[in-house]
Amino acid sequence: MTIALHGLLAGLTLIIAIGSQNVFVLRQGIRREHVLPVVAVCIASDAVLITAGAGGLGALVRAVPEVVVAARWAGVAFLLGYAVLAARRALRGGESLQADGAGRGSGLGAVVATALALTWLNPHVYLDTVLLLGSIAATHGAQAWLFAVGAVVGSTIWFTALGFGARGLGRVLSSARSWRVLDGLVAVTMVMVAMMLARG
C-alpha cells in the first residue's frame, strides 16, 4: 500500500502541472462538451504510458532519443496551430455557455482527436510519465506494478476532478466576453508551451 501511495503522489505531482492537456480538459469541462470521452482518453493514455514506463519502455526511449525529438517538433507545430484557432475564437467572439450546457462546439471525433494529439504529441509525456515515473517504479523491483497502479489512480482522480469539477465555473463564464478572455488565455498558454518545447 505504501508503494501504491508513493505512485499516486508522484503521479499527481507530475500531472497537476498546468500544461496544454490540462487547459484543454478544463475548457471542455467548463463547456460541458464531451467531457467524459476527453477525461477517458486522458486517463487511458496515462495508464498506457505509466504501465509502459513501469514495464521498461523508458530504457527504449532513452536508447532512441530521436523519438522524443520528433514528438517535440510535432508537438510544437500542433500547439501553435491550436493557439491560432483559440486566438481566432477570442478575436471573433460569439461563443457563450448556455444555461443547459448547449452551444456551438466541436464534434466528438474532433474533440477526441485533439485530446489524443495534446497527449501523445507532447514530448514531456514521454520524459515525465514514461522515463521519470518508469525510473522511480523500477526502484521498487518486482513491486513496480503497485507504484504504477498508484500513479494511474492519481491520474484518474486528477482528470476526473478537472473535467467534471470545471462545471462549477459555468456560471462565471456564461457571457461571450468571458469566453473571449478564456480563449485568449488558452492561446497564450499554448504558445508558451510551444516555445518551451522548441527550446528543448
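Description of the structure in this document. For every chain, the first residue of the written sequence is number 1, and numbering continues from 1 onward in sequence order. Thresholds applied to this predicted model are a pLDDT of at least 70 for local features of residues and 80 or more for the giving and counting of side-chain atom pairs; totals over whole chains, interfaces and linings are not thresholded and use all residues. Excluded from the side-chain calculations are hydrogens and water; all other atoms, namely the structure's heavy atoms, are used.

1. Some details on the overall build of the protein
Moving on, step 1. Each helix is a run of H or I in the DSSP string that is no shorter than four residues. Each strand is a run of E no shorter than two, and both are numbered from the N terminus. Looking only at helices and strands, one finds nine helices and zero strands in the protein.
Moving on, step 2. The N-to-C order of helical and strand elements in the protein reads α-α-α-α-α-α-α-α-α.
Moving on, step 3. Here's how the labels work: a residue is buried when its accessible area is under 20% of the maximum for its type, exposed when over 50%, partly exposed in between, all with a 1.4 Å probe on protein chains only. A total of 200 residues make up the protein; the buried ones form 45% of that total.
Moving on, step 4. Any two residues whose heavy atoms approach within 4.5 Å are treated as being in contact. Residue pairs in contact within the protein that sit at least 24 positions apart in sequence constitute 88% of those at least 6 positions apart.
Moving on, step 5. If you sum the accessible surface of the protein, you get close to 9800 Å²; carbon and sulfur atoms cover 71% of it. For every accessible area listed, the method is Shrake-Rupley and the probe measures 1.4 Å; residues are considered covered only by the protein chains on display.

2. A closer look at the nonpolar core
Moving on, step 1. Within the largest apolar cluster, 32 residues are counted, with the highest numbers of intra-cluster contacts made by Phe24, Val38, Phe159, Val186 and Met190.
Moving on, step 2. Put simply, the parts of the chain that give this core at least two residues each are helix H1 (2-15), helix H2 (20-31), helix H3 (35-54), helix H5 (66-92), helix H6 (108-120), helix H8 (144-165) and helix H9 (176-199).
Moving on, step 3. In terms of residues, this core owes the most to one element, H9, which gives seven residues.
Moving on, step 4. Ala10, Ala137, Ala144 and Val152 belong to the second largest nonpolar core, which has eleven residues in total. Only buried residues count toward a nonpolar core. Its members are Ala, Val, Leu, Ile, Met, Phe, Trp, Tyr and Cys residues joined through side-chain atoms within 4.5 Å.

3. Things to note about the packing of H3 against helix H7 (residues 123-138)
Moving on, step 1. Axis definition: a line fitted to C-alpha atoms, over the contacting stretch in the case of helices. Angles run 0 to 180 degrees between N-to-C directions. Packing of H3 against H7 brings their axes to within 7 Å, and their N-to-C directions diverge by 45°. Put simply, H3 runs oblique to H7. For the pair H3 and H7, the sense of crossing is right-handed. Contacts between H3 and H7 pair Asp46, Leu49, Ile50, Gly53 and Ala54 from the former with Val125, Tyr126, Thr129, Val130, Leu133, Gly134 and Ala137 from the latter. Throughout, the term roughly parallel applies to angles under 35 degrees, roughly antiparallel to angles over 145, roughly perpendicular to angles from 65 to 115, and oblique to all others. Left-handed describes a crossing in which the near helix is turned anticlockwise from the far one by less than a right angle; the clockwise case is right-handed.

4. A word on the environment of Ala137
Moving on, step 1. Assignment of secondary structure puts Ala137 in helix H7.
Moving on, step 2. Judged by relative accessible area, Ala137 falls into the buried class, the value being 1%.
Moving on, step 3. For the pair Ala137 and Gly55, spaced 82 residues apart in the sequence, the C-alpha separation amounts to 8.8 Å.
Moving on, step 4. Residues within four places of Ala137 in sequence aside, it is in contact with Ala54, Ala144 and Phe147.

5. Quick notes on the environment of Gln21
Moving on, step 1. With respect to the secondary-structure elements, Gln21 resides in helix H2.
Moving on, step 2. The class of Gln21 is buried, set by a relative accessible area of 14%.
Moving on, step 3. Separated by 94 residues in the primary sequence, Gln21 and Ala115 place their C-alpha atoms 7.0 Å from one another.
Moving on, step 4. Setting aside chain neighbours within four positions, we find Gln21 in contact with Cys42, Leu118, Thr119 and Phe159.
Moving on, step 5. Here the side chain of Gln21 touches Thr119 through a polar contact of 2.6 Å, side chain to side chain. Side-chain atoms alone can form a polar contact between residues adjacent in sequence; in general such a contact is a pair of N or O atoms within 3.5 Å, and within protein one must be able to donate a hydrogen while the other accepts it.

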